[in-house]
Amino acid sequence: MTKRGRCPCGETRWEFEGAESWSCYCHCDDCRRNCAAPVVAWLGVPLRNFRWTAATPRSFASSKGVQRHFCATCGSPMGFEADHYEGGMHLYAASLEDPSDFAPTFHVNYQSKLPWLDLRDDLPKYESTLLHAPEDLADYKTG
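Explanation requested: the overall build of the chain in the structure shown.
Along its length, the chain carries one helix and 10 strands. Start at the N end of the chain and walk to the C end: the helices and strands fall as β-β-β-α-β-β-β-β-β-β-β. At 14 Å, the chain has a C-alpha radius of gyration in line with the 15 Å of a compact globule built from 143 residues. For the C-alpha atoms alone, the extent of the chain along its principal axes is close to 35 × 35 × 30 Å. Per-residue burial over the chain gives 40% buried out of 143 residues. Here the contacts in the chain between residues at least 6 apart in sequence split such that 53% fall between residues at least 24 apart. Taken as a whole, the chain presents about 7,700 Å² of accessible surface, with 49% of it coming from carbon and sulfur.

Laid out in structure tokens, this is it:
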């Protein structure tokens, strides 16, 4: 199965084959600020199954070993790669061609959740990142 995504202007597009490795909400300050959103929905895919299919995005080194990808035309965030998640591409769920197909399975960085954001789901909530997640998320760490 192939899933595709794009930015609002359509200049930057991506696709991947197969299933996602994981899908979650992130509440960290970096993700929120990068998207100007109270929480960010992510899906992770193995880099070997992923490709950019139109204009290659621009990238910004937001911290050591971290690249945030965005459309060079409209500026929309498109993806995230990090040395500490080797072999994985993190994609913004809202950039999916059909974001209604997204099904998050957990929260990360939940201790950073904004106090005015009211979430009532029953998903597992982890205080830290995937990198420092408990063993039950070990398979998610690299995609």
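In this structure, what is going on with the environment of Cys28? I would like to understand it.
Here Cys28 lies in the loop between strand 3 (22–26) and helix 1 (29–35). Separated by 68 residues in sequence, Cys28 and Leu96 have C-alpha atoms that sit 21 Å apart. When near neighbours in sequence (up to four residues on either side) are disregarded, Cys28 contacts Asn109 and Ser112.

Would you explain the sheet that holds strand 6 (residues 58–63) in this entry?
Across the sheet, seven strands lie side by side as 6-7-8-9-4-3-10; this open sheet has mixed pairing. Each edge of the open sheet is held by one strand with a lone partner, namely strand 6 and strand 10 (106–108). Across the sheet, the mean angle separating the axes of adjacent strands is 30° when strand polarity is ignored. In the sheet, strand 3 pairs with strand 10 via three bridges, with the strands oriented parallel.

Got a minute to help me understand the pattern of salt bridges in this structure?
Summed over all chains, the structure comprises seven salt bridges. Taking the shortest distance from any N to any O, the salt bridge between Glu15 and Arg4 comes out at 3.1 Å. Placement of the pair is Glu15 in strand 2 (residues 13–17) and Arg4 in strand 1 (residues 2–6), with a sequence separation of 11 residues. Under the relative-accessibility criterion, Glu15 is labelled buried at 11%. The partner of Arg32 in a salt bridge is Asp29, with the nearest N and O atoms 3.4 Å apart. In this pair, Arg32 and Asp29 both sit in helix 1, three residues apart, roughly one turn of the helix. Residue classification places Asp29 among the partly exposed residues on the basis of a relative accessible area of 33%. Among the charged side chains, a network of salt bridges with common partners joins Arg4, Glu15 and Arg51.

Cut-offs applied
Residues numbered from 1 in each chain as written. Predicted model: local features only at pLDDT ≥ 70, side-chain atom pairs only at ≥ 80, totals over all residues. Heavy atoms only, no water. Helix = DSSP H or I, 4+ residues; strand = E, 2+ residues; numbered from the N terminus. Rg over C-alpha atoms; globule rule 2.2 N^0.38 Å. Buried < 20%, exposed > 50% of the residue type's maximum accessible area, 1.4 Å probe, protein only. Contact = heavy atoms within 4.5 Å. Areas by Shrake-Rupley, 256 points an atom, 1.4 Å probe, with all protein chains shown as cover. Pairing = 2+ DSSP bridges. Axes fitted to C-alpha atoms, helices over the stretch in contact; angles between N-to-C directions. Salt bridge = Lys/Arg side-chain N within 4 Å of Asp/Glu carboxyl O.

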